[in-house]
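# Analysis of the macromolecular model
One letter stands for each residue in the lines below.
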Amino acid sequence: MGRTPVRYRRRTETGSMTPADILQGVCRALGSAVDLNEAASSAARWIRAAVGSEHAPVRLLLPDRAGRLRLAFSEGEAPVPGRSAHRRVAFETKTPATLDLDRPPGHVLCILPLVSRGEAVGVIEVVAPGVAVRERWAVLDSVSSQTAIVVRNLRQRDELEREVGALGEAAELVQDLVEARTPEAAVRAAIRYCFEHLRVPVVAWLSDRDPWHLRLIGMRGASASRQKELQSEMASLPRWEGLEAMDRRWFASRVEQILGADVVMVPAGGALLAAAAPGSLRTSLETVGSLLESVLRQRATVTWAERRNERLDMGISWTAHELRSPLLGAKAVVERLLQTNDAAKNREILTQLQEELSQLAGLADELLWWAVGAGPLQQRSVDLSRLVHDVVRSCEVGSADKRVTVSAPGGITVRADAGHLRGAIGNLVRNALAYAPPDSDVSVVVESADGVATVQVRDRGPGLPKGKEQQIFDPFVRGENGHRGGRGLGLFIARRVVEAHGGTLSAESDGRGSIFRVHLPVSNGHGPSRAGRRSPSAS
């Protein structure tokens, strides 16, 4: 424990220590304290030295997780009489107080709030002769100030260790959140984590039943009376995101009044956490809030999809994506028509417009049926080279710069639904044009070997993120570099279409751009068929 110089004991017996001796001694003793118990023991000894009473009762009280003052250290022959109301006032106002006592005669209870950097971190109480307290008041104030600094530093060290330990256990929280069967269960998991691992009082609300209001889910770390008060006044709150800043401050202050401590408000999507925690734990609390928000958003998406029929939703997105390209092509043709006065040229453009709109009309119903898994592909023998040339011509509609080079020898035939395969390869070409620099070319090569036809689309763009060559084919995933447009469905649709034709679609980067390869079985020459593969949505 605290090591006290020999001269301290000799001088305290005579009461002859000077204020300078006491301040020098307390600074040395507290500066070497390794924990709160040692710091409190040293502070008690030097407070006794200041009041000239070797056996004066001294107590140290520190706020718990709920802000209630709890006994942390007690030493002395007689107990300090209870004055909880006065103690609380001294702590909250940061103002020292002395109370006259009947016993022992002439003694007072001195309550010294421990204040460091404007924050009250505890209270020291001592029973001593009133005369000594008045004479040595400045010394007592200095001792309490030094004690406050040490208590605050030790507490911050403990909080940092606690936070590091809690973050190390965050994997447990993630597992609990993911395994939660309901949004309420996920919120309760966050409450439990904050209380058991961060060791702070916490309250949580959730807007699962009413999208415009938050309902109180639970509270940990507060007394029964405070829980009852919170339930009575704040069982329901307006949705946090819709509140003005002034209203948020009012609600936060009311929670602080009920909990009796400063709180950190952490919005988490459809939930709200309020924790009575020091600023050093803010990062941990925000991490908890972020994890909870992610889980709630994911669960809300899944629930919505289940209510609306997940397959139909994807089908609608798919259809909208595939119809978008012919519409843009038709729009570009019309714009060129409006800008051209040459009759012969107008006729050529009108013919192209007719082709684009015909493709659009033929695609609409088929896409809606196929995208939701309701119909088969319309497979027949298709000249792959001619189809690729048509795709490139459509992708370059409205562009003065012809950036796509094509190498496609004739005679390569595959069995395919021409409309869907055209859309899949078109997605690859448009994707390459979007991500490649505007002054660079995109090359498309068609070849055949060993019964497999290959369509290779290569660009000179930023390439694919390392390790994400497969993720880019997931729905709603977009590239991380360059072009930011689109909905992240093009590559997903392209792969599903190619797979529905019995082929494969792969991607790679070689440091100079991206390469996409479509592999399809070469046709055996049979006639038209409706017995093609079911849509990928149906599998």
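## Some thoughts on the sheet that holds strand S10 (residues 271-275)
In space, the five strands of this open sheet follow the order S8-S7-S6-S10-S9, with antiparallel pairing throughout. Edge positions in the sheet fall to strand S8 (236-238) and strand S9 (264-268), since each of these pairs with one other strand and no more. The mean inter-strand angle of the sheet, taken between neighbouring strand axes irrespective of direction, is 25°. Sheet topology places strand S6 (residues 202-206) next to strand S7 (residues 213-220); five bridges connect them, and they run antiparallel. By the bridge assignment, Leu206 is partnered in S7 with Arg215. Sheet contacts for helix H8 (residues 183-196): S6, S7 and S10; angle to S7, the most-contacted strand, approximately 40°.

## Considering the packing of aromatic side chains
Counted under the stated rule, the structure contains one aromatic pair. Seen in terms of ring centroids, Trp250 and Phe251 are 5.2 Å apart; in terms of plane orientation they differ by 85°. Their pairing is edge-to-face. A residue is classified by how much of its surface remains accessible, and Trp250, at 52% relative accessible area, is exposed.

## Focus on the pattern of salt bridges
Scanning the entire structure with this criterion turns up 13 salt bridges. Two residues, Glu184 and Arg215, come together in a salt bridge whose shortest N-O distance is 2.6 Å. Of this pair, Glu184 sits in helix H8 while Arg215 sits in strand S7; the two residues are 31 residues apart in sequence, bridging distant segments of the chain. Among the ionic pairs, Arg239 bridges to Glu241, the shortest N-O distance being 2.9 Å. It is possible to trace a salt-bridge network through shared partners that takes in Glu184, Arg188, Asp208 and Arg215.

## With respect to helix H16 (residues 490-500)
Of all 11 residues in H16, 10 are buried, a share of seventy percent or more. Listing the buried residues of H16 in full gives Gly490, Leu491, Phe492, Ile493, Ala494, Arg495, Arg496, Val497, Val498 and Ala500. Remark: Gly502 follows H16 within two positions and exhibits a positive phi of approximately 80°.

## A word on the sheet that holds strand S3 (residues 97-100)
Pairing is antiparallel across the open sheet formed by five strands, whose spatial order is S2-S1-S5-S4-S3. On the outer flanks of this sheet lie strand S2 (69-75) and S3, each paired with one strand and no other. Direction aside, neighbouring strands of the sheet carry axes that sit 20° apart on average. Judged from the four bridges that link them, strand S1 (residues 58-63) and strand S5 (residues 119-129) form a sheet pairing that is antiparallel. Considered in S5, the bridge of Leu61 is made with Val123.

## Let's talk about unusual backbone geometry
The omega torsion of the bond from Arg103 to Pro104 falls at -10°, within 30 degrees of zero and hence cis. Secondary-structure assignment places Pro104 in the loop between S3 and strand S4 (107-116). The phi angle at Asp450 is positive, at roughly 55°, despite the residue not being glycine. Mapped onto the secondary structure, Asp450 falls in the loop between strand S14 (442-449) and strand S15 (452-458). Asp450 gets classed as exposed once you look at its relative accessible area, which sits at 81%.

## Re the packing of helix H9 (residues 224-234) against helix H10 (residues 245-259)
Two measures define how a pair of helices packs: the angle their axes make with one another and the distance between the axes. H10 packs onto H9 with a crossing angle of 155° between their chain directions and a minimal axis gap of 9 Å. Judged by the inter-axis angle, H9 sits roughly antiparallel to H10. In terms of crossing hand, the pair formed by H9 and H10 is right-handed. For the pair formed by H9 and H10, the contact residues are Arg226, Glu229, Leu230, Glu233 and Met234 on the first element and Phe251, Arg254, Val255, Ile258 and Leu259 on the second.

Quick notes on the rules
Residues numbered from 1 in each chain as written. Predicted model: local features only at pLDDT ≥ 70, side-chain atom pairs only at ≥ 80, totals over all residues. Heavy atoms only, no water. Pairing = 2+ DSSP bridges. Helix = DSSP H or I, 4+ residues; strand = E, 2+ residues; numbered from the N terminus. Axes fitted to C-alpha atoms, helices over the stretch in contact; angles between N-to-C directions. Contact = heavy atoms within 4.5 Å. Phe/Tyr/Trp six-rings, centres within 6.5 Å; stacked < 30°, edge-to-face > 60°. Buried < 20%, exposed > 50% of the residue type's maximum accessible area, 1.4 Å probe, protein only. Salt bridge = Lys/Arg side-chain N within 4 Å of Asp/Glu carboxyl O. Parallel < 35°, antiparallel > 145°, perpendicular 65-115°, else oblique. Left-handed = near helix turned anticlockwise from the far one by under 90°.

Functional significance is not addressed by these values, which are geometric in nature.
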